[in-house]
Amino acid sequence: MKALTRARFRGRDGIYALFDLDHGVDLRVGLVEDDVGRILMRRDGAYRLDRTWSVAPDGIDPPYEGRGRDDLAGFACPAATIEEGEGTVTIRGAKLRAVVTLEPFGIAWYRAGESAPFLEDRRTQAYFVSRKTHAFSHFVTRNEGERHYGVGDKAGPLDHTGRRFRIDAVDPCGFDAELSDPLYKMIPFVIVAGPAGAHGVYYDNLATGEMDLGATIDNYHGPFRSYRADDGDLDAFVFAGPGVPEVVRAFSRLTGGHAFGPKWTLGFATTSMAIADAADADARIADFVARCAEHAIPCDSFHFGSGYTMIGGRRYAFHWNRDKFPDPAATLAKLNAAGLHPVANLKPCLLDDHPRLAEVTDVGGLVRDGETGRPAVAQFWDGLGYHLDFTNAQARAWWRRGIETALLGPGMVSVWNDNNEYEIWDEDAVAAGDGRPFPQTLARPAQALLMTKLAHETQAAWVPGKRPYTITRGGAAGLWRYGQTWSGDNSTAWKTLRFNLTQGLNMSLSGMFDIGHDVGGFHGPSPGPELLCRFVEFCSFWPRFVMNSWNSDGVTTLPWMHPEVIDPIREAIRLRYRLMPYLYTRMWRAAEADEPVVRPLFYDFPDDPGAAATEDAFMLGPDLLVAPVLEPGADRRSVRLPDNPGGWFFFHDGSHHPGGAVATVPAPLGGTPLFVRAGALLPLGAAGQRVDPATDTERELVVYGDPQGAEALLYDDDGDTASWRDGAGLVTRVSLVRDGGAAVISADATGRYRPAWPVLRLRAVGGAALRAGDARGVRLSVEE
């Protein structure tokens, strides 16, 4: 590679300062938001790929053909001055400035009022480009005490410092949640937190690459971290922080924000490859419905594994196996009637003997080999096949018709996009690019992104006015605009619990707010009673709560597989349903305010050093601390509680525990330790068998401690209205003030929705007596 060490300032180019570097490189530096800077590089006057599918400021969703890399629509583009100094150029805005040193070339980023940079390029050769390939590298200084988070779905501890990750996507079935890399998604976004506050960097590049967060030590350069891409363009967004929440919100806004799924998607769900693969699959599904009722296991959806598409042991998209499912519409009608929403697994690879292959090849709808002109061959589950090209309009039309006729028409309500990592290793593979072809290596994860966008749009058009539910395993930044994801095909092991926790927290910090883990583990020997129960407990606090398995011993993981733990498993699931009002409000806030639902302790307690060191517990929203049992044989759990005014309350018995200290509490099977922050106003509901707003007749607000000035939001709607931003829901703002010896609760509810619960009952734990105050749009009642 060639080092870029000298620059010449050419002047202003719109919002950017423009620089010429060696080897045909020009680079622009500017401010796109008050707290977001941008570095944009071209080579020989052009981009390697002149578009993006991840960047969507102000919610402007990119079209299928992509958003132009130079498009500034949706950005605030704040006023900024550009000043030349002695060997430097400064881009200065109200909150952020960038100081560019011409030789040796490098950029230092400062927040307003701060004299030290929060982010600074390495002073020894910070930028490299290859003249033989299209690779490039970017190196920045790594400072003492900095911690590193994010990078998408990555295995291992919460703090990534000292790790090196491959930016790539494969299908690592049964992966090791501590060590495996790469996994499913390609998201080169890192959050850095330390003594100078927090900042973030996102590289809008969809090619494979590497992110080194301190693994490499080189005596000539001092501590550094780096990003290297095998192809594509350097297009970096710098988020000024100053805290982790500000970085996460800014990244979410940059990439289009988060979808708000239907309420039923927060209920418990089950799937298994073994069920849909079985010769008697229809009967097994009917038995599952009956057993849920028999054991009183709450459940809201059944997710069909791809076995429904099989012919002779191979899987064919949009094909129903009529031997196993003689009448798909009847099967789906029974599930819908039972309140179990049916969800269809769908894979984007057509096997080389797919009965409808000619329909797609005739319109050029497959990713093709640019050398031969034929479809690019890729290895898939059951043999060789070809991947649908979602950058081809005719291919998308064919896929949309397939979703409508084979899935939604018979009664499926949702599409689960699976195995969409696009492992096409043909270096000559070309995507149609909606009329402007490009090498597939430049944007593999864009295919998964567009696959999910298409599923989202198809479902939304099929049932107008309703929020669609779409799932994807693969993709790039921005996948959350369209739906839900999860940590993938985890293993059935105790270690998985420990590291799915930190993996999931980094996914959440990386913009994936609607996430979860396969309950019980996906692959490996079937889980024993204790492991299964602890898995259920752990996963019940994540937005996606789906039991999914393909066990190596052929045993299907189901809630009743071990009779000795049915009762605690049921109780863990029922607690999830009791917490539904709180969880649904957090999901609404994720979409409305770019707030992650599940987050590490330091997100809410940045000034507590102990919170940053805690990697075996997590926050569910701002008020609940979950301390799952992660080791076999434990019946008690110790956890250090963050320093919170008024301390914490143990949810299960109301006992008080001080903040900034270790609490040791009982942890029987089915009873994950759960703590409530003093000062919280926690909404609860009844533990029903289904998520059904029409029959949700109970609502309780529990006041913890004796807070002064406490406030809370509670959100309700019909569960799937698309007009949730336009007043179709009910937003209840609750506040508390002290009046003598009483805590007075007031509430103001706005919006058109009228919930089934007639009154908001108030109850106190560990605090003063309650009294109902002013209420508008809602009735208040104090529990005696």
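Quick notes on the rules
Residues numbered from 1 in each chain as written. Predicted model: local features only at pLDDT ≥ 70, side-chain atom pairs only at ≥ 80, totals over all residues. Heavy atoms only, no water. Helix = DSSP H or I, 4+ residues; strand = E, 2+ residues; numbered from the N terminus. Rg over C-alpha atoms; globule rule 2.2 N^0.38 Å. Contact = heavy atoms within 4.5 Å. Areas by Shrake-Rupley, 256 points an atom, 1.4 Å probe, with all protein chains shown as cover. Lys, Arg positive; Asp, Glu negative; His and termini not counted. Charge placed at Lys NZ, Arg CZ, Asp CG, Glu CD. Buried < 20%, exposed > 50% of the residue type's maximum accessible area, 1.4 Å probe, protein only. UniProt positions renumbered as here; feature names shortened; annotations may be inferred. Axes fitted to C-alpha atoms, helices over the stretch in contact; angles between N-to-C directions. Parallel < 35°, antiparallel > 145°, perpendicular 65-115°, else oblique. Nonpolar A, V, L, I, M, F, W, Y, C, P; charged D, E, K, R; others polar. Pairing = 2+ DSSP bridges. Polar contact = N/O pair within 3.5 Å; in protein donor to acceptor, adjacent residues only side chain to side chain.

1. Let's talk about the overall build of the protein chain
Reasoning step 1: Counting secondary structure elements, the protein chain contains 13 helices and 53 strands.
Reasoning step 2: Relative to its length of 784 residues, the protein chain is compact, with a C-alpha radius of gyration of 26 Å against a globular reference of 28 Å.
Reasoning step 3: When its C-alpha atoms are laid out on the principal axes, the protein chain stretches across 75 × 70 × 50 Å.
Reasoning step 4: Partitioning the intrachain contacts of the protein chain with sequence separation of at least 6 by distance along the chain shows that 68% fall at a separation of at least 24.
Reasoning step 5: Summed over its atoms, the accessible surface of the protein chain is roughly 26,200 Å², and 49% of this surface lies on carbon and sulfur atoms.
Reasoning step 6: Between the averaged position of the 81 positive side-chain charges in the protein chain and that of its 102 negative side-chain charges there is a distance of 2 Å.

2. Here's the deal with unusual backbone geometry
A negative phi angle characterises most non-glycine residues, just as the trans form characterises most peptide bonds.
Reasoning step 1: Of the consecutive residues E103 and P104, the connecting peptide bond is found in the cis state with omega at -5°.
Reasoning step 2: Along the polypeptide, P104 turns up in the loop between β10 (96-101) and β11 (106-111).
Reasoning step 3: The linkage connecting D181 with the following residue, P182, adopts the cis geometry, with an omega of 0°.
Reasoning step 4: Note on placement: P182 falls in the loop between β16 (164-167) and β17 (185-186).

3. Some words on the side chain of R314
Reasoning step 1: Secondary-structure assignment places R314 in strand β26 (residues 314-315).
Reasoning step 2: Aside from chain neighbours lying at most four places away, what touches R314 is T309, L351, D352, D353, D382 and G383.

4. Side note on the environment of L625
Reasoning step 1: Checked against the element boundaries, L625 lands in strand β40 (residues 624-626).
Reasoning step 2: Given a relative accessible area of 0%, L625 falls into the buried group.
Reasoning step 3: Here the alpha-carbon distance between L625 and V598, two residues 27 residues apart in the chain, equals 9.8 Å.
Reasoning step 4: The contact partners of L625, leaving out residues within four places of it in the chain, are L601, A617, F618, M619, V639, L641, P642, W648, P673, L674 and F675.

5. Topic: the UniProt feature "domain: Glycosyl hydrolase family 31 C-terminal" (unreviewed entry) in the protein chain
Reasoning step 1: Following the UniProt record, one finds the feature "domain: Glycosyl hydrolase family 31 C-terminal" (unreviewed entry) at residues 595-681.
Reasoning step 2: Along residues 595-681, the helical share is 10% and the strand share 32%, with 18 Å between the first and last C-alpha atoms.

6. Quick notes on the packing of helix α9 (residues 529-539) against helix α10 (residues 566-578)
Reasoning step 1: At a minimum axis separation of 9 Å, α9 and α10 run at an interaxial angle of 5°. In terms of their interaxial angle, α9 and α10 are classed as roughly parallel. Residue-level contacts link L532, C533, V536, E537 and C539 of α9 to P568, I569, A572, I573 and R576 of α10.
Reasoning step 2: Taken together, the residues of the contact of α9 with α10 break down into eight nonpolar, no polar and two charged.

7. What about the sheet that holds strand β51 (residues 760-765)?
Reasoning step 1: In spatial order, the strands read β46-β47-β51-β53; together these four strands make up an open sheet with mixed pairing. The open sheet has two edge strands, β46 (681-684) and β53 (780-782), and neither has a second partner. Taken pair by pair, the neighbouring strands of this sheet meet at an average axis angle of 30°, ignoring direction.
Reasoning step 2: Alignment of β46 against strand β47 (residues 699-704), held across four bridges, turns out to be antiparallel. For L681, the partnering residue across the bridge sits in β47 and is V703.

8. Points about the packing of α10 against helix α11 (residues 580-593)
Reasoning step 1: Viewed as axis vectors pointing N to C, α10 and α11 meet at an angle of 60°, and their least axial separation amounts to 5 Å. As summarised for this structure, α10 and α11 are arranged oblique, according to the angle between their axes. Of α11, the residues touching α10 (which contributes R576, Y577 and R578) are M580, P581 and L583.
Reasoning step 2: Of the residues contributing to the contact of α10 with α11, the split by class is four nonpolar, no polar and two charged.

9. Observations regarding the environment of R163
Reasoning step 1: For R163, the position within the fold is in the loop between β15 (147-150) and β16.
Reasoning step 2: Relative accessible area serves as the criterion here: at 21%, R163 is assigned to the partly exposed category.
Reasoning step 3: C-alpha of R163 to C-alpha of G474: the two residues are 311 residues apart in sequence and 22 Å apart in space.
Reasoning step 4: In this structure the side chain of R163 is engaged in a polar contact, spanning 3.3 Å, whose partner is the backbone oxygen of A155.

10. With respect to the pairing of strand β24 (residues 301-304)
Look at any regular strand and the pattern is simple: side chains alternate between the two faces of the sheet.
Reasoning step 1: In β24, alternate side chains face the same way, and those of S301 and H303 on one face and F302 and F304 on the other are all buried.
Reasoning step 2: Judged from the three bridges that link them, strand β23 (residues 269-271) and β24 form a sheet pairing that is parallel. Looking across to β24, one finds that A269 is bridged to S301.
Reasoning step 3: Relative to strand β27 (residues 341-346), β24 runs parallel, the two being bridged by four bridges. In the sheet register, F302 faces β27, and the bridge partner there is P342.

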